[in-house]
Amino acid sequence: MIRYPILRQGAAIGVMSPSSGVDAELHHLLLLSRERMESKGYAVTFGETVWTQNKPKSSAAKIRAAEFQAMMGDGEIDMIFPPWGGELAIEILKHIDFDQLPSKWVLGYSDTSVLLLAITLQKGIATAHGVNFVDCS
């Protein structure tokens, strides 16, 4: 049975990169997206992985997985919203403790779909294939 997390008005959004981070010259897109989401009443927290890009990924797989796990476990964050996709989200799957994941929305598309599928299959938690965070800019 699929469980559907509750997302309340004014929810807190955690932005982290399961795959690609954002190059410095595009950081303004993150800031603009945060401004737009906050103007609609949402709180936005950025993880460290969004600010870096090293070849095709934001950081090492264990770092990305740890940040994802931490945001999922943070009771103050209601939803995970990656900045965009990439190529190597699959690397983090073996480092995620799916048994410890609470019911929380994870939204995105492109390479984020790998993570979305794993969450739904492993935990029975609905995820959302939709826009990425920078699409809100």
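Predicted model, so just to flag it, every value in this text is computed and none were measured.

A. The arrangement of the pattern of salt bridges in detail. For the structure shown, the criterion picks out three salt bridges. Between R8 and D78 there is a salt bridge, with its nearest N and O atoms 2.9 Å apart. Taken together, the positions of R8 in the segment before β1 (12-15) and D78 in the loop between α2 (61-73) and β3 (79-80) put the pair 70 residues apart, joining distant regions of the chain. Classification of R8 as partly exposed rests on a relative accessible area of 46%.

B. Main features of the environment of G75. Examined against the element boundaries, G75 turns out to sit in the loop between α2 and β3. G75 gets classed as exposed once you look at its relative accessible area, which sits at 67%.

C. Structural context of the sheet that holds β3. Strand order in this open sheet of five strands is β2-β1-β3-β4-β5, and the pairing throughout is parallel. At either margin of the open sheet sits one strand with a lone partner, and together these are β2 (43-46) and β5 (128-129). In this structure, β1 lies alongside β3, joined through two bridges in parallel fashion. Residue pairing across strands places G14 opposite I80, the latter belonging to β3.

D. Expanded view of the nonpolar core. Core analysis: the biggest nonpolar cluster contains 19 residues, and F68, I80, I96 and I119 have the highest contact counts within it. Going through the elements one at a time, α2 and α3 (112-123) are the ones with two or more residues in this core. At five residues, the largest contribution of residues to this core is made by α2. Excluding anything up to four places from it in sequence, I119 contacts F68, F98, L101, V106, G124, I125 and T127.

Calculation notes
Residues numbered from 1 in each chain as written. Predicted model: local features only at pLDDT ≥ 70, side-chain atom pairs only at ≥ 80, totals over all residues. Heavy atoms only, no water. Salt bridge = Lys/Arg side-chain N within 4 Å of Asp/Glu carboxyl O. Helix = DSSP H or I, 4+ residues; strand = E, 2+ residues; numbered from the N terminus. Buried < 20%, exposed > 50% of the residue type's maximum accessible area, 1.4 Å probe, protein only. Pairing = 2+ DSSP bridges. Core = buried A, V, L, I, M, F, W, Y, C linked by side-chain atoms within 4.5 Å. Contact = heavy atoms within 4.5 Å.

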